[in-house]
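# Overview (structure and organization)
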Amino acid sequence: MRLVLLGPPGAGKGTQAQVLSKDLNIPHISTGDMLREALRAASPLGLKAKGYMDQGALVPDDLVIELVRERLSKPDAAKGFILDGFPRTAEQGESLGKMLAGLSMPLDVTLYFKTSMLVIIRRLGGRRICSKCGKTYHMTNFRPKVDGVCDVCQGSLMQRPDDREEAIENRLVVYEKQTAPLIDYYKKKNLLEEISGDLEVDDLNIALEIIFKKRNLVGNRIQNAG
Ligand code: AMP
């Protein structure tokens with residue numbers, strides 16, 4: 001199955017992408033995660049991206065498009081993928097369409113996570129990530145076993161610089177202006193399905209099952225699982 005997850009920051013796309021990736025046995029491709037990894041590694045891409053990311057601005061299209069092009073050409077993406085946080089601009093949407101047409105791998109569906117402001121603020125405000133491996137936690141919903149310490153690698157937990165209040169505001173403005181128009185773009189292509197980002201994982205899973213079934217994608221899900 002080839003999916004795009006669309007929605008504001010804090011919609012729960014990353015959490016749901018992890019669940020789907022496991023269920024469907026297809027890679028979760030998060031441009032945010034890839035950029036944060038480049039940042040931790042202090043690679044040339046990471047250094048270029050840092051200033052934009054810290055402020056909650058978008059990294060220039062050409063850099064992100066190239067990153068996704070490389071990732072989608074890897075063999076594991078041939079069996080399907082979940083794109084999380086890409087595309088985020090009209091130009092990225094167009095490029096993705098061309099890329100996938102060239103690979104003869106059209107999208108199956110774009111899931112739009114419609115999310116209330118209250119939930120967004122609560123999710124982003126409580127989010128913490130491991131400074132070493134990038135694993136995500138939440139101060140109320142998903143706490144680590146030991147306060148402030150990553151369960152997996154014992155790295156120390158921190159708040160993402162772009163989860164600070166000033167940056168959140170900017171990210172939401174950027175989302176409305178640059179990313180939200182993609183909702184209509186995919187609706188016109190008959191690829192859009194709306195679900196509530198306010199739901200927690202289990203309820204969201206049920207809603208997704210219904211959508212996959214309606215679009216005859218459920219066979220894929222069962223076939224790929226395991
Ligand atoms: P995320 O983890 O998806 O919230 O992304 C974190 C940050 O990475 C964003 O605020 C942007 O600065 C950058 N970023 C991630 N994906 C993209 C994208 N598709 N286009 C431009 N910038 C991106």
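Here goes a summary of the coordinates provided. (Residues numbered from 1 in each chain as written. Predicted model: local features only at pLDDT ≥ 70, side-chain atom pairs only at ≥ 80, totals over all residues. Heavy atoms only, no water.)

## Thoughts on the site of the ligand
Cut-off, in case you're wondering: By convention in these notes, a residue is near a molecule or strand provided one of its non-hydrogen atoms lies within 4 Å of it. Contacts described as polar in this section are N or O atom pairs within 3.5 Å, which, within protein, must combine one atom able to donate a hydrogen with one able to accept it, while residues neighboring in sequence count only if both atoms come from side chains. Working definition of accessibility: Shrake-Rupley area with a 1.4 Å probe, residue cover restricted to the visible protein chains. Each helix is a run of DSSP H or I of at least 4 residues and each strand a run of E of at least 2, with the numbering of both proceeding from the N terminus. Classes in brief: Ala, Val, Leu, Ile, Met, Phe, Trp, Tyr, Cys and Pro nonpolar; Asp, Glu, Lys and Arg charged; the others, Gly included, polar.
Taken together, 16 residues lie around the ligand, and Thr31, Arg36, Ala57, Gly85 and Gln92 are the ones closest in. The separation between a nitrogen atom of the ligand and a polar main-chain atom of Val59 is 3.0 Å. In this structure, a nitrogen atom belonging to the ligand sits 2.9 Å away from a side-chain N or O atom of Gln92. Bound to the protein, the ligand loses 95% of the 480 Å² it would expose on its own. It is helix 2 (residues 31–40) that provides the largest number of residues to the shell around the ligand, a total of four residues. The residue makeup of the shell around the ligand, split by class, is seven nonpolar, four polar and five charged.

## Structural notes on the pairing of strand 3 (residues 81–84)
Going by this rule: Per-residue accessibility, obtained with a 1.4 Å probe over protein chains only, is compared with the maximum for each type, and a residue is labelled buried under 20%, exposed over 50%, and partly exposed between these values. Strand pairing follows a simple DSSP-based rule, namely that at least 2 bridges must link the two strands.
By the alternation rule, side chains of strand 3 split into Phe81 and Leu83 and Ile82 and Asp84, which are all buried. Across four bridges, strand 1 (residues 2–6) lies against strand 3 in parallel orientation. The partner of Leu3 across the bridge, within strand 3, is Ile82. Bridging between strand 2 (residues 28–30) and strand 3 involves three bridges; their strand directions are parallel. Residue pairing for strand 3: Ile29 is matched across the bridge by Leu83.

## Points about unusual backbone geometry
It is generally the case that most residues other than glycine have a negative phi and that most peptide bonds are trans. Residue Pro87 is bonded to the preceding Phe86 through a cis peptide linkage, with omega at 0°. If you trace the backbone, Pro87 turns up in the loop between strand 3 and helix 5 (90–102). Phi is positive for Ala42, which is not a glycine, with a value near 50°. With respect to the element layout, Ala42 can be found in the loop between helix 2 and helix 3 (44–55). On the basis of relative accessibility, which here comes to 45%, the residue Ala42 falls in the partly exposed class.

On their own, these measurements won't tell you what the molecule is for.
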